[in-house]
Amino acid sequence: ANRAIFADNVRAIRDADIVVAVCDGADADSGTAWEMGFAHALGKPVYAIRSDFRMAGACERVNLMLEESAVFVRSIGDLLQAMRAPLPAGMEPPP
């Protein structure tokens, strides 16, 4: 059962145009972090919602690797606005 869930998840990320993750909590869920990294490695735009006020470091809202590979927002409204804007430099999907 676990192998099938993993394969379905990988297939869904490969088929997705974008990935939206929820990264609330003291630290991002390890499975969510893997999915974000996999999507980023595939060149998919990754957006993440973090409404949690806690910081992961002096300057980061989450782990540095996640923060640098996704567009982070604080609400659904911010997410919708970010999705209408051009992606930041270096996050554009490959041609």
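Before any of the text, the structure's been laid out above.
Residues numbered from 1 in each chain as written. Predicted model: local features only at pLDDT ≥ 70, side-chain atom pairs only at ≥ 80, totals over all residues. Heavy atoms only, no water.

J.: Hey, could you go over the overall build of the chain for me, with residue numbers and the actual values?
T.: Of the regular secondary structure elements, the chain holds four helices and three strands. From first element to last, N terminus to C terminus, the chain shows the α and β order α-β-α-β-α-β-α. For the chain, the proportion of its 95 residues judged to be buried stands at 34%. When the accessible area of the chain is evaluated, it comes to approximately 6,100 Å², of which 58% is carbon and sulfur surface. (Helix = DSSP H or I, 4+ residues; strand = E, 2+ residues; numbered from the N terminus. Buried < 20%, exposed > 50% of the residue type's maximum accessible area, 1.4 Å probe, protein only. Areas by Shrake-Rupley, 256 points an atom, 1.4 Å probe, with all protein chains shown as cover.)

J.: Tell me about the packing of aromatic side chains, residues and numbers included.
T.: One pass over the structure, following the stated rule, counts two aromatic pairs. Note on Phe6 and Trp34: the rings are 5.7 Å apart at their centroids and 55° apart in plane angle, and the pair reads as tilted. Here Phe6 is found in helix H1 (residues 2-15), whereas its partner Trp34 is found in helix H2 (residues 30-41), with 28 residues between them in sequence. Trp34 gets classed as partly exposed once you look at its relative accessible area, which sits at 39%. (Phe/Tyr/Trp six-rings, centres within 6.5 Å; stacked < 30°, edge-to-face > 60°.)

J.: Describe the pairing of strand S1 (residues 19-22), naming the residues involved and giving the relevant values.
T.: Alternating residues of S1 divide into Val19 and Ala21, all buried, and Val20 and Val22, none buried. Bridge analysis of S1 against strand S2 (residues 46-49) gives four bridges, and the strand direction is parallel. In the strand pairing of S2, Val19 is matched with Val46. Once you follow S1 into H2 and on to S2, the crossover reads as right-handed. (Pairing = 2+ DSSP bridges. Right-handed = clockwise from strand over helix to strand, strands pointing away.)

J.: Can you explain the sheet that holds strand S3 (residues 71-73)? Please cite residues and give values.
T.: Across a sheet, paired strands are connected by hydrogen bonds in the backbone, their directions being either parallel or antiparallel. The parallel open sheet is built from three strands, whose spatial order is S1-S2-S3. Each having just a single partner strand, S1 and S3 make up the two edges of the open sheet. Shown here is a sheet whose adjacent strand axes are inclined to one another by a mean of 25°, direction ignored. Sheet strands in contact with helix H4 (residues 76-84) are S1, S2 and S3, and its direction is about 160° off that of S2. (Axes fitted to C-alpha atoms, helices over the stretch in contact; angles between N-to-C directions. Contact = heavy atoms within 4.5 Å.)

J.: Just give me the short version of the environment of Val71, but keep the residues and values in it.
T.: Tracing the sequence through the fold places Val71 in strand S3. Note: C-alpha distance between Val71 and Met83 (12 residues apart in sequence) is 9.1 Å.

J.: Describe the packing of H1 against H2, listing the residues and the values that go with them.
T.: Look at H1 against H2: their axes get within 10 Å of each other, and the N-to-C directions meet at 40°. With respect to each other, H1 and H2 are oriented oblique. Regarding H1 and H2, the two cross each other, and that crossing is right-handed. Within the contact between the two elements, H1 uses Phe6, Asn9, Val10, Ile13 and Arg14 and H2 uses Trp34, Glu35, Phe38 and Ala39. Classifying every residue of the contact of H1 with H2 gives six nonpolar, one polar and two charged. (Parallel < 35°, antiparallel > 145°, perpendicular 65-115°, else oblique. Left-handed = near helix turned anticlockwise from the far one by under 90°. Nonpolar A, V, L, I, M, F, W, Y, C, P; charged D, E, K, R; others polar.)

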